[in-house]
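One letter stands for each residue in the lines below.
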Amino acid sequence: MSRIFGVILVIVLLAAAGLFYASPMIAFYDIRSAAKSEDIQSLSKLIDFDATRTSVKTQLDAGDQGVAAPAPSPLTDPVGATGNAVKNLGTSIGKAWNDLTHPQPAAKPAPPLTADDYLKPRALLALTYGAGKDAATVDPDKFTAKPPAPKVAFFSLEHTRLTVKDADRGTTTFTFERHGLIHWQLVHIGFPKPGEIEAEKAAAAASSASASAAAQ
């Protein structure tokens, strides 16, 4: 009897461990389904919109230069904070002088995309398809291929990162944070890195060339 109980206990523990490991993946598919259905109530439970909005805004503000470390604090590093302020002031003055001395023809600029544009249901759906920075402007209904399956890039007790890769745009990363036993919320969306696809193609071409040279 005790042996049967032990076997049952092992099976239960393995099932619980499997469910714990799979729960972030389940949350990802829940987001994809809720976004496709435009179910705002479900999305609000699956996504920490404040944290995710901050992550997207930071990347949009940084552009292709990449996200920088937080600026020095005036309380803990007054010298560094002063130097950073002087540097920013110098950059602003230089830009203003360049605009004054080299005026460009006035053109009607396109309205810039905001973080909220990426948090609309259809944009979220496109993100889960791997649309990256194009997610706010593409129509997810035009993705004819089978939606890509996410891959686990990192897993810990508190955070999990899932990635979705598009052959033309690169890798979009979704970071989930655990709340409760098996409830995970999306807290960060990472856009593909600039030049990622080009670098992979160059590496593949170099590897192919090396293999051809070795075969001769």
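Reading the values: rules and limits
- Residues numbered from 1 in each chain as written.
- Predicted model: local features only at pLDDT ≥ 70, side-chain atom pairs only at ≥ 80, totals over all residues.
- Heavy atoms only, no water.
- Salt bridge = Lys/Arg side-chain N within 4 Å of Asp/Glu carboxyl O.
- Helix = DSSP H or I, 4+ residues; strand = E, 2+ residues; numbered from the N terminus.
- Buried < 20%, exposed > 50% of the residue type's maximum accessible area, 1.4 Å probe, protein only.
- Pairing = 2+ DSSP bridges.
- Axes fitted to C-alpha atoms, helices over the stretch in contact; angles between N-to-C directions.
- Contact = heavy atoms within 4.5 Å.

> I'd like a description of the pattern of salt bridges, backed by residues and values.
As enumerated under the stated definition, the model contains nine salt bridges in all. The residue K57 makes a salt bridge to D61 at a minimum N-O spacing of 2.8 Å. Note that K57 and D61 are positioned in helix α3 (residues 49-62) at a spacing of four residues, about one turn of the helix. Looking at D61, the relative accessible area reads 56%, which means it is exposed.

> Can you explain unusual backbone geometry? Please cite residues and give values.
A negative phi holds for most residues other than glycine; trans holds for most peptide bonds. Positive phi outside glycine occurs at E38, with the angle close to 55°. You can see E38 is positioned in the loop between α1 (2-37) and α2 (40-46). For E38, a relative accessible area of 46% translates into the label partly exposed.

> Mind laying out the sheet that holds strand β2 (residues 159-166), listing which residues take part and the relevant values?
An order of β1-β2-β3-β4 is seen for the four strands of this open sheet, with the pairing classed as antiparallel. Every other strand in the sheet has two partners, leaving β1 (151-155) and β4 (183-190) as the edge strands with one partner each. Each adjacent strand pair in this sheet contributes to an overall mean axis angle of 30°, direction not counted. Bridge analysis of β1 against β2 gives four bridges, and the strand direction is antiparallel. Directly across from F154, in β2, lies its bridge partner R161. Contacting β2, β3 (170-179) and β4, helix α6 (residues 121-128) crosses the sheet at an angle of about 110° to β3.

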